[in-house]
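Here is what each chain is made of, one letter per residue.
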Amino acid sequence: MSTESDHHHSQSEGNVVCPKCLLSNSASAAFCAACGAPIGMVATIDPIQHIHAEGFAYRAAIDGPPNRIVLIGMWLVFGSMALMGPGVLIGGSGMPLIQVIIFNLVSVCSIVILYRTTRNYIVKTRLADAGHV
Ligand SMILES: [Zn+2]
């Protein structure tokens, strides 16, 4: 029983360079080890990883100054995701229960994120109008 020699090929798949901080991550990494930016294909396929990737965009959106383009982008992304849960409840009668649950969890998260982002935008805009920023 010897498995020590099975690790020799781990470097052959190449690395992925983070587009945000330029750190070289392993090709199988879904997120940058240094800054947490979503990298690689897994971030866009796995629903849980997808939530993490959207969370990164969400944090980027609330960290900056009020930006109407960012807010519109958030509504385009999360608005469609928010409709997925009710969509599978209505149209996905043959879908496994766990998948229906995941889609609805994504919907609830999306609605919460949209609510927070929009409220944040309104508060920041009011502060900017009042001269506090
Ligand atoms: Zn990075």
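Thresholds applied
- Residues numbered from 1 in each chain as written.
- Predicted model: local features only at pLDDT ≥ 70, side-chain atom pairs only at ≥ 80, totals over all residues.
- Heavy atoms only, no water.
- Helix = DSSP H or I, 4+ residues; strand = E, 2+ residues; numbered from the N terminus.
- Buried < 20%, exposed > 50% of the residue type's maximum accessible area, 1.4 Å probe, protein only.
- Areas by Shrake-Rupley, 256 points an atom, 1.4 Å probe, with all protein chains shown as cover.
- Axes fitted to C-alpha atoms, helices over the stretch in contact; angles between N-to-C directions.
- Parallel < 35°, antiparallel > 145°, perpendicular 65-115°, else oblique.
- Left-handed = near helix turned anticlockwise from the far one by under 90°.
- Contact = heavy atoms within 4.5 Å.
- Nonpolar A, V, L, I, M, F, W, Y, C, P; charged D, E, K, R; others polar.
- Donors = N, O, S within 2.8 Å, 3.2 Å for Na, K, Ca; no water.
- Tetrahedral: all angles 85-135°; square planar, octahedral: opposite > 155°, others 65-115°.
- Core = buried A, V, L, I, M, F, W, Y, C linked by side-chain atoms within 4.5 Å.

With that settled, the discussion passes to the overall build of the protein chain. Helices and strands together make up the secondary structure of the protein chain, namely five helices and two strands. For the protein chain, the N- to C-terminal ordering of α and β elements is β-β-α-α-α-α-α. Taken over 133 residues, the protein chain has a buried fraction of 27%. Looking at the protein chain as shown, the accessible area adds up to about 9200 Å², and 66% of this sits on carbon and sulfur atoms.

This part takes up the packing of helix α3 (residues 68–82) against helix α5 (residues 97–129). At their nearest, the axes of α3 and α5 sit 8 Å apart, and the two run at 160° to each other. Relative to α5, the element α3 lies roughly antiparallel. Two packed elements cross with a definite hand, and for α3 against α5 that hand is left-handed. Mapping the contact onto sequence places R68, L71, M74, W75, F78, G79, M81 and A82 in α3 and V106, S107, S110, I111, I113, L114, T117, T118 and Y121 in α5. Residues belonging to the contact of α3 with α5 are distributed by class as follows: eleven nonpolar, five polar and one charged.

The next thing to look at is the coordination of the zinc ion. For a metal with four donors in a tetrahedral arrangement, the ideal angle between donors is 109.5 degrees, while six donors in an octahedron ideally sit at 90 or 180 degrees. Each protein donor to the zinc ion is listed here as C18 (SG), C21 (SG), C32 (SG) and C35 (SG); together their distances run 2.2 to 2.4 Å. The site at the zinc ion holds four donor atoms, and with the angles between them running 106 to 114°, its shape is tetrahedral.

Here we come to the side chain of T118. Mapping T118 onto the fold places it in helix α5. Classification of T118 by relative accessible area gives buried; the value is 19%. Once residues lying within four places of it in the same chain are set aside, the contact partners of T118 are L71 and W75.

Right, let's get into unusual backbone geometry. Backbone geometry at L22 places phi at a positive 70°, although glycine is not the residue there. For L22, the position within the fold is in the loop between β1 (15–17) and β2 (24–26). Residue L22 is classed as exposed on the basis of its relative accessible area, which comes to 62%.

This part is about the environment of N67. Note on placement: N67 falls in the loop between α2 (47–63) and α3. Separated by 58 residues in sequence, N67 and T125 have C-alpha atoms that sit 8.9 Å apart.

This part is about the nonpolar core. The nonpolar side chains of soluble globular proteins are, as a tendency, buried together. Formed by M74, F78, M81, V106, I113 and L114, the largest nonpolar core amounts to six residues. Listing elements by their share of this core, those giving two or more residues are α3 and α5.

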